[in-house]
Amino acid sequence: MTAASPEKDQYTSDGGAEHIRPVIDTLDPEATGAEMHALIRELYPICRSITGDGVRRSLRILRRIASLTLHEVPTGTAVFDWVVPREWNLVKARLVGPDGEVVVDADRLNLHVLNYSVPFRGKVPLEELDKHLHSLPNQPSLVPYRTSYYKDDWGFCLSHERRARLRPGEYDVLIDTSLTEGSLTYGEALLPGASSQEVLISAHCCHPSLANDNLSGMVLAATLARLLGGLPLHYTYRFLFVPGTIGSITWLAHNEEQARRISHGLVVAGVGDAGRLTYKRSRRGTTEVDRAVIHVLASSGQDYDVRDFTPYGYDERQYCSPGFDLAVGSLTRTPHNEYPEYHTSGDNPDLVRPDRLVDTLRRYLEVFEVLEGNLTYVNLSPKGEPQLGKRGLYGSIGGGSQTVASQMSMLWVLNLSDGSRSLLDIAERSKLPFTDVRRAARALEAAGLLRVNDSSGEGAR
Amino acid sequence: MTAASPEKDQYTSDGGAEHIRPVIDTLDPEATGAEMHALIRELYPICRSITGDGVRRSLRILRRIASLTLHEVPTGTAVFDWVVPREWNLVKARLVGPDGEVVVDADRLNLHVLNYSVPFRGKVPLEELDKHLHSLPNQPSLVPYRTSYYKDDWGFCLSHERRARLRPGEYDVLIDTSLTEGSLTYGEALLPGASSQEVLISAHCCHPSLANDNLSGMVLAATLARLLGGLPLHYTYRFLFVPGTIGSITWLAHNEEQARRISHGLVVAGVGDAGRLTYKRSRRGTTEVDRAVIHVLASSGQDYDVRDFTPYGYDERQYCSPGFDLAVGSLTRTPHNEYPEYHTSGDNPDLVRPDRLVDTLRRYLEVFEVLEGNLTYVNLSPKGEPQLGKRGLYGSIGGGSQTVASQMSMLWVLNLSDGSRSLLDIAERSKLPFTDVRRAARALEAAGLLRVNDSSGEGAR
Amino acid sequence: MTAASPEKDQYTSDGGAEHIRPVIDTLDPEATGAEMHALIRELYPICRSITGDGVRRSLRILRRIASLTLHEVPTGTAVFDWVVPREWNLVKARLVGPDGEVVVDADRLNLHVLNYSVPFRGKVPLEELDKHLHSLPNQPSLVPYRTSYYKDDWGFCLSHERRARLRPGEYDVLIDTSLTEGSLTYGEALLPGASSQEVLISAHCCHPSLANDNLSGMVLAATLARLLGGLPLHYTYRFLFVPGTIGSITWLAHNEEQARRISHGLVVAGVGDAGRLTYKRSRRGTTEVDRAVIHVLASSGQDYDVRDFTPYGYDERQYCSPGFDLAVGSLTRTPHNEYPEYHTSGDNPDLVRPDRLVDTLRRYLEVFEVLEGNLTYVNLSPKGEPQLGKRGLYGSIGGGSQTVASQMSMLWVLNLSDGSRSLLDIAERSKLPFTDVRRAARALEAAGLLRVNDSSGEGAR
């Protein structure tokens, strides 16, 4: 089963798939779920935004489990059609009512301040204040999350119930924020593989106290980086922790050449809620990563959903813009805006379930197993079936009605390995789990019945 | 929003779509429906056939609203595999019974005479007469429509109820018709556009007193010609009013070169009954006009049906014969032979509803809007999304869950405008109405973010 | 309707379709079913295996109705990855219990002996004997069919009920078999046609007393050879009666060049049970034979099923191995392993129904009609419809709502015969039975409106 060619010595003959599978099989769901959830709880109170110290503090916490590099891009830097904005930081934001009662205080929940509020201090009557308030009439107990990145404004977000109880009078507004020349911060972790082709994992890190969106994605990405770290893999894995939209645009603008080496990518967001897994296809729709994810979900035995690409959502919008058109999809649980707690104070750590985090983690690892192991083989005994029995690969008593799964996998691999079909093609057509197909191929390769086709197909390297 | 290039000055940069849309939006359904229905009632009593004065009189009435040219093709002219037949005219046709009672009289309903009956005058006994009678045992109160164009015969059509009451005896047959060297008449209206490529609208005009089939189509086609007349459109629009089969074959035989310039076409028939709209695809099945019609129907919010091409039906049979294979489909309401009144005296003006006529008219106009406006654009800021906010194209407060339709349209147009996808492609993929997609493209073009791709794709001109 | 070109004189202009259709139409279901069933009953008691006299005797019986050649391939011959095994013959196999009672005897049912058992004679205690017994706990009254071709072993198969009653003690084992240098026998019938391209019909002939699997297939294949014998057909028909797996591999290894001439093929097995017809596609999935079978089944008016190719099943596994990848599917009734009697003593002649045998036979003949008659024509009057009426091909009274099927067939053939579409394409698109489409083409050809396109498409020859 060892690889023969010198080039193959750099990595195993099925990429890192054989190294990723044990990581999956030995995952301790309870311990891993608890670790991930503890990190989310720790990160939750920090006031993040598209710039500022909240992002820096958060990424430094993730450094405990993954070696992130923090990049700073100065305010005013032109990035394609955009410009890196001033840096925003929150010191304090509080609204006090006519009778001196504290209506809202960002120290208690940072969603209360309109994200990117300009500083403001003064007394305003209710009718004036009202223009600066944001609430949800249809979800009266929840505080909404609102931003004003690109228009100077100040404001408070509060529950509609609280807003309804505001009495006329003068309100004391304190918004102690700063909007200054500074920089945009993003985190990056690179796991070099045998190939310079890359797998991109991107998580937005700009939301304040929202747990599923997207502390879940940030922690899952960092955990993936931890688990893959040190494994001898085929692909180079790049993890990005970027503020939404402006962050991915900034990275693309500064890494245009590098971006062309991204062979497969996934945007990680909303991966801890109780809903089923949902895959949103890349713009091209049927790339290898699209097929790998869908095969993993179809083989999971769980309910799942697949959506077509739309140019709305997370940073796949940027990676799939027509000037890049990368093979980047998004694997989430319930899609954004389809759960009632989305972008409200209801998206707190209680919404995120440790077991769902681990389930999503496992599917990401399985996708990597497919990408790493998706080789194309050639059947070296292609005329009729080879005699598996004499090689100990087939049962000796015939006529029975059961053919064990491993035998079916071998028959499928032999039948379809004509040098043009990858193992993922075979797994899709046979509806057998990729792992079984891959193992069958390895056994047949060891028996001298199969060799990797170096010159054709998506699995050729 | 005005076009820049000199070439574009000839017509607007999205063809005539921007001129057709206001026609749709300002349509007065009640007045238009009443006008169309009044014309149908006026045309109803005329005895049309594939030749003769009935067609001439009918087309002259339509000249009130559209500038039709009448063409006369002499009897005996060879047209492909066919020959233009003798001209038929009806003076009088009456059947009088043994007791002197008038059994049927074409003056009361011209369906009573077998269309194209040879002249006959004489007394015949019932048993002889019976061979010349046509009725509908399963629809005993209705008079059928029957023809004998290519075999010399005479006959009467009557209700089965009336036929059952015929008593033995001598019947007095008077069929005062003429079959003489004359000509075949067809009408044509041409609205020249910026391009020599044509849109064909074809209606058969040969049926006698049948309202839905096809006075509805004749009047709808003439109304379209009236509404489009004078608009600065991209395509040249050709309206044909031809006797079924022999008429379209005659036109094709005499306009073979011209026929090759037909880029898109629709056969108009049965467009006023209460049923849902039905589209019958062209022989090729997925041409631009097929896709345009289906998109319009899918966006209408109403029930509709799509059928595959069959070589049976109306004149699409001829336009889609393999020697032409034009992109011509047929947009009707209930298909021929699927409503009980079809080809009977039940197809009278009461079967045709003014509101249904206007609904169909509107869909034809929407199809033209799509064809005219189906340009292919190139995103001039293709790396990442351009910043719509700074151009006033995007709301300033973020985080909310609603993205207005116009923003979604813009995001779709930007994402897919890579020079290979037309606006119809984008409308189909996004499932957004074409009008919204077109308006988004125009706004983005005005903002300098998009330009028309002159060199590729179906929308390139 | 006679063919004009000299080349065509060799065979009729639509291959042998016009000769096969009368065979179908004149089939006497009762007599044919009775004949086939009688043969199955006669063949049933013979102990067949992958080698040996059982196969020879069986094929000689089939020679009564089809001129089979018997081939002998010596033990030890290398065939691709395999070697022809020693020849196995059964003289006697009997198991006697402690009290002298005969537990099982292969003379009564040859399934009782493990097929390919090595000779063995001696007394063994029950606990030792037990390792050599095979039964079905979930089907306790049935005797299973088991083999040990490639591992030296001996054994008995018996009902689980009988096994449960075995008492401790010494058992007298008599397995009088021989495993010697000999040969593998297969049968072959060749019906030469005008073309050297072949249609392959392959039936496995290695199973002992199992009626549906596959005496039904053997007898059906031989009956097809009888019915087609002497007809002037386009294709050459090759019938193979081969032991499963090793037999088809042997044939392929010895006929590699010949195998490349197989244009279409079907594996015949399990064709007499009461279940619906099931088609398993070839590996390529949409070859002409796949489409022909599916069209025949879809036109049959009966329930049927279509399955995708899998590399498990009968000898299609070998014909569709990647080194050959022939267009060979399999038309059966209930697929192997999906009926409870499969590979048990329940698969006896009572399971096979004469009417089902004839129904399957008929479908095979209809498939051959399609393959033989699947020509591609060119409409010689392609501009507009030709005037069928003046040629007596169309009714004279128009306006009625019924178009007879023959007219629709003619319109479809005329419309689609542009030299690129075969009659099967037309039958599929029109959903008309192939026979009707073929007859319409012949009538139009006779009227001078159509000619065979010799230079393109699948039907070109």
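The structure reproduced in this document is the subject of the present report. (Residues numbered from 1 in each chain as written. Chains lettered and ligands numbered in written order. Predicted model: local features only at pLDDT ≥ 70, side-chain atom pairs only at ≥ 80, totals over all residues. Heavy atoms only, no water.)

1. Structural notes on the packing of helix α2 (residues 29-43) of chain B against helix α3 (residues 53-62) of chain B
Residue and element names in this part refer to chain B.
Logical step 1: Relative orientation of the contacting elements α2 and α3 amounts to 160°, with a least axis distance of 11 Å. Judged by the inter-axis angle, α2 sits roughly antiparallel to α3. The two elements α2 and α3 cross, and the hand of that crossing is right-handed. Judged by residue contacts, L39, E42 and L43 of α2 engage S58, I61 and L62 from α3.
Logical step 2: Grouping the amino acids of the contact of α2 with α3 by side-chain chemistry returns 4 nonpolar, 1 polar and 1 charged. (Axes fitted to C-alpha atoms, helices over the stretch in contact; angles between N-to-C directions. Helix = DSSP H or I, 4+ residues; strand = E, 2+ residues; numbered from the N terminus. Parallel < 35°, antiparallel > 145°, perpendicular 65-115°, else oblique. Left-handed = near helix turned anticlockwise from the far one by under 90°. Contact = heavy atoms within 4.5 Å. Nonpolar A, V, L, I, M, F, W, Y, C, P; charged D, E, K, R; others polar.)

2. What to know about the interface of chain A and chain C
A common measure of how large an interface is: the accessible area buried when the components associate.
Logical step 1: Contacts between the two partners involve 27 residues from chain A and, on the opposite side, 29 residues from chain C.
Logical step 2: Taking both partners together, chain A and chain C bury about 2400 Å²; carbon and sulfur atoms supply 48% of that area.
Logical step 3: By the criterion of area lost to chain C, the three top residues of chain A are A:K383, A:E385 and A:N415, representing 27% of everything that side buries.
Logical step 4: Counting every contact that joins chain A to chain C gives 5 salt bridges.
Logical step 5: We note a salt bridge from A:K390 to C:D81, for which the minimum N-O separation is 3.7 Å.
Logical step 6: Remark: the boundary between chain A and chain C carries 14 residue pairs in polar contact (both at pLDDT 80 or more).
Logical step 7: Those elements giving two or more residues to the side of chain A that touches chain C turn out to be α13 (405-416) and β19 (418-422) of chain A. (Buried area = accessible area lost by both parts, 1.4 Å probe. Salt bridge = Lys/Arg side-chain N within 4 Å of Asp/Glu carboxyl O. Polar contact = N/O pair within 3.5 Å; in protein donor to acceptor, adjacent residues only side chain to side chain.)

3. Brief notes about the relation of the copies chain A and chain B
Logical step 1: Of the transformation placing chain A onto chain B, the axial shift is 0.1 Å and the rotation is 120°, giving an RMSD of 0.0 Å. Interpreted geometrically, this transformation is the action of a three-fold axis. Among all C-alpha atoms of chain A, that of A:T286 lies closest to the rotation axis, at 13 Å. (Least-squares fit on C-alpha atoms with pLDDT ≥ 70 in both.)

4. So, the interface of chain A and chain B
Logical step 1: On the chain B side, the residues contacting the 29 residues of chain A number 27 residues.
Logical step 2: Regarding the contact of chain A and chain B, the summed buried area is about 2400 Å², with carbon and sulfur atoms giving 48% of it.
Logical step 3: Broken down residue by residue, the surface that chain A buries against chain B is led by A:D81, A:R283 and A:P311, which jointly contribute 27%.
Logical step 4: For the pair chain A and chain B, the number of links is 5 salt bridges.
Logical step 5: For A:E256, the salt bridge is made with B:K383, and the minimal N-O distance between the two is 2.5 Å.
Logical step 6: At the junction of chain A and chain B, the tally comes to 14 residue pairs in polar contact (both at pLDDT 80 or more).
Logical step 7: Looking at the side of chain A that touches chain B residue by residue, the class counts come to 12 nonpolar, 9 polar and 8 charged.

5. Focus on the pairing of strand β15 (residues 277-280) of chain C
All names here are of chain C.
Logical step 1: Of the two faces of β15, the one holding L277 and Y279 and the one holding T278 and K280 are both buried throughout.
Logical step 2: Looking at chain direction, β15 and strand β16 (residues 304-307) are connected through 4 bridges and run parallel. The residue bridging Y279 from the neighbouring strand is V306, located in β16.
Logical step 3: Between the parallel elements β15 and β16, the chain passes through helix α9 (residues 288-298) in a crossover that is right-handed.
Logical step 4: Pairing analysis gives 3 bridges linking β15 to strand β17 (residues 328-332), with the strands arranged antiparallel. Pairing of Y279 across the sheet is with L331, part of β17. (Buried < 20%, exposed > 50% of the residue type's maximum accessible area, 1.4 Å probe, protein only. Pairing = 2+ DSSP bridges. Right-handed = clockwise from strand over helix to strand, strands pointing away.)

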